[in-house]
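Now for the letters of each chain:
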Amino acid sequence: MAYDAKKIYYRFDDYLSRLVLDYEASRQIDEDSERLYHGFPNAPYDESLFEQHNVKRGLRNADGSGVVAGLTRISDVHGYNRIDGRVVPDEGRLSLRGYSIDDLVNHAQAEDRFGYEEVAYLLLTGSLPNKEELGGFCERLRAFRHLSGDYIHEFPLTTPSKSIMNTLARAVLLLYRFDAEPDEISPEHEIDVAMSMIARLPRIAALAHMARVAQREGRMPQIPQPSPDLSTAESVLQVLRGGNDFTHDEAMLLDVMMMLHAEHGGGNNSTFACRVLSSSATDPYSAYAAAIGSLKGPRHGGANAKVVAMHEDIRKHVSNWENEDELAAYLTRILKREAFDGSGLIYGMGHAVYTLSDPRAELCRTYARSLAQKKGLGDEFALIERIEGLAPQLMRDVCGITKPICANIDLYTGFIYSMLGIPETLFTPMFAVSRMAGWAAHRMEELFCAHRIIRPGYQSVLDDVTYLPINERQ
């Protein structure tokens, strides 16, 4: 059967337009529907209530540290020491299965080989692979990278969306239908699904972007065949560039970014969401789709796009990027809500755990510098370094912040992705496809090691109310 791409996409656009019109019509607020739209009790709770009932807001302690909700052998995110009940800042460290992220990245780079697959193997098995094991693992990933014709027939045509993260979640749920035993929970099946997700998700994300471009141009997307000899990072660039039009240095830098995003502890929102669903013994596709939905939120995975927008704004309004006084003056205006988006935030600065340094930001800075120079972007890169140097003291002076502040990975992520030609719509999806390895490790730990559904409590602050018959209500 031949498909008319324009008719398919226009039909979908018509459906969306009707849906929006129906929704707007349903919201015509008259006297009878006023309370429906404006009657929700949305006043913030008094802070004293949380103290009175000893409620840990956001599952965080009063000092900002996370409430301990479980045990893990997967990773450790270290940013401070607790001494005599006090939080004492410390240099940031990230370890995966006991190995320092610095060692994992630096050794792979020094040996001029791709390291993301090695990190994925480490997260799934708990051990570093030898050469034969890594070769076999990469072969399996390459075999899993293929998407069946039946799946391509439905994706991406049936999953178009304004958000590629939304498309990604729906694409993962669609894979459930192509699994012969999707609800099976066994170590063997979980490993197979995890490997298929690690292999397919980067390709699915890139194809979703291509489909979005094709939809805009009223044509069918071209689906390139995966090359069997490419690494995960190379396969992403192959789809986005429509071939092998990328350099080894570019692929190696993307590989570093994927290693840095692969895992970051069980307490971050998306990983915890994955563990919560997994604790109910639901299928892996539902758990991974939930993690993607969490990461989509601007309080979690969407910060890198904000950083890019902020950098563009700074470049536009600061005439001399090398003049630290002029730069500091504009950053001060941002902090005073007089510039940029009025939020009063310098995006990319500060972290919930790291205090003195974020090891991922340090590695980003190290490995991005040389490629930035080669691409003629050294001045832009130097500007980001100046922002990193000036922001902590300005935040203390202007905002009265007393805790130590360091740059986090988002300060550099958007710049690096832009430098690699990755469109902004894929910034957060790239975060998701990299984090798939960590999500899989945490899901299996929750399934096979914890054996208990996660079910926290909420303290009720309701008052008893007398029921009135409907004719007596105002």
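Check the entry above for the structure.
Residues numbered from 1 in each chain as written. Predicted model: local features only at pLDDT ≥ 70, side-chain atom pairs only at ≥ 80, totals over all residues. Heavy atoms only, no water.

(A) Quick peek at the overall build of the chain. The number of helices and strands found in the chain is 19 helices and three strands. For 474 residues, the compact-globule estimate of 2.2 N^0.38 gives 23 Å, and the chain sits close to it at 24 Å. Expressed as lengths along the three principal axes of its C-alpha atoms, the size of the chain is roughly 75 × 65 × 50 Å. When burial is assessed residue by residue, the chain has 46% of its 474 residues classed as buried. A separation threshold of at least 6 residues defines the contact pool for the chain, and within that pool the share at least 24 residues apart is 72%. Each charge class in the chain was averaged separately, 50 positive and 66 negative side chains, and the resulting centres sit 2 Å apart. (Helix = DSSP H or I, 4+ residues; strand = E, 2+ residues; numbered from the N terminus. Rg over C-alpha atoms; globule rule 2.2 N^0.38 Å. Buried < 20%, exposed > 50% of the residue type's maximum accessible area, 1.4 Å probe, protein only. Contact = heavy atoms within 4.5 Å. Lys, Arg positive; Asp, Glu negative; His and termini not counted. Charge placed at Lys NZ, Arg CZ, Asp CG, Glu CD.)

(B) Structural view of empty space enclosed by the protein. By the definition in use, this model includes one cavity of 30 Å³ or more. Reported here for the largest cavity is a volume of approximately 90 Å³. Elements that contribute at least two residues to the lining of the largest cavity include exactly helix 8 (164–175) and helix 9 (187–217). Top element by residues in the lining of the largest cavity is helix 9. It accounts for four residues. A class-by-class count of the residues in the lining of the largest cavity yields six nonpolar, four polar and one charged. (1 Å grid on protein atoms, 1.4 Å probe; cavity = no way out; pocket = protein on both sides within 12 Å on 5 of 7 lines; lining within 4 Å. Points joined across faces, edges and corners; volume = space filled by probe spheres on them. Nonpolar A, V, L, I, M, F, W, Y, C, P; charged D, E, K, R; others polar.)

(C) Spotlight on the packing of helix 4 (residues 101–110) against helix 16 (residues 359–374). For the pair helix 4 and helix 16, interaxial distance at closest approach is 10 Å and the crossing angle is 20 degrees. With respect to each other, helix 4 and helix 16 are oriented roughly parallel. Between helix 4 and helix 16 lies a crossing of right-handed hand. Mapping the contact onto sequence places I101, D102, V105, N106 and Q109 in helix 4 and P359, L363 and Y367 in helix 16. A class-by-class count of the residues in the contact of helix 4 with helix 16 yields five nonpolar, two polar and one charged. (Axes fitted to C-alpha atoms, helices over the stretch in contact; angles between N-to-C directions. Parallel < 35°, antiparallel > 145°, perpendicular 65-115°, else oblique. Left-handed = near helix turned anticlockwise from the far one by under 90°.)

(D) View of the environment of G302. Within the fold, G302 resides in the loop between helix 13 (284–295) and helix 14 (303–317). Judged by relative accessible area, which is 17%, G302 ranks as buried. Linking G302 and D410, residues 108 residues apart in sequence, is a C-alpha distance of 9.4 Å. Not counting residues within four places of it along the chain, the set of residues in contact with G302 comprises L295, G297 and T428.

(E) Inspection of the pattern of salt bridges at higher detail. Across all of its chains, the model carries 19 salt bridges by this definition. In this structure, the salt-bridge partner of R219 is E217, at a minimum N-O distance of 2.7 Å. Relative accessible area serves as the criterion here: at 34%, R219 is assigned to the partly exposed category. Taking the relative accessible area as the measure of exposure, E217 reaches 48% and is therefore partly exposed. Its salt-bridge partner being R241, residue E250 comes within 3.3 Å of it at the nearest N-O pair. Look at E250 and you get buried, because its relative accessible area is 5%. One connected set of salt bridges, linked through shared partners, spans E111, R113 and E118. (Salt bridge = Lys/Arg side-chain N within 4 Å of Asp/Glu carboxyl O.)

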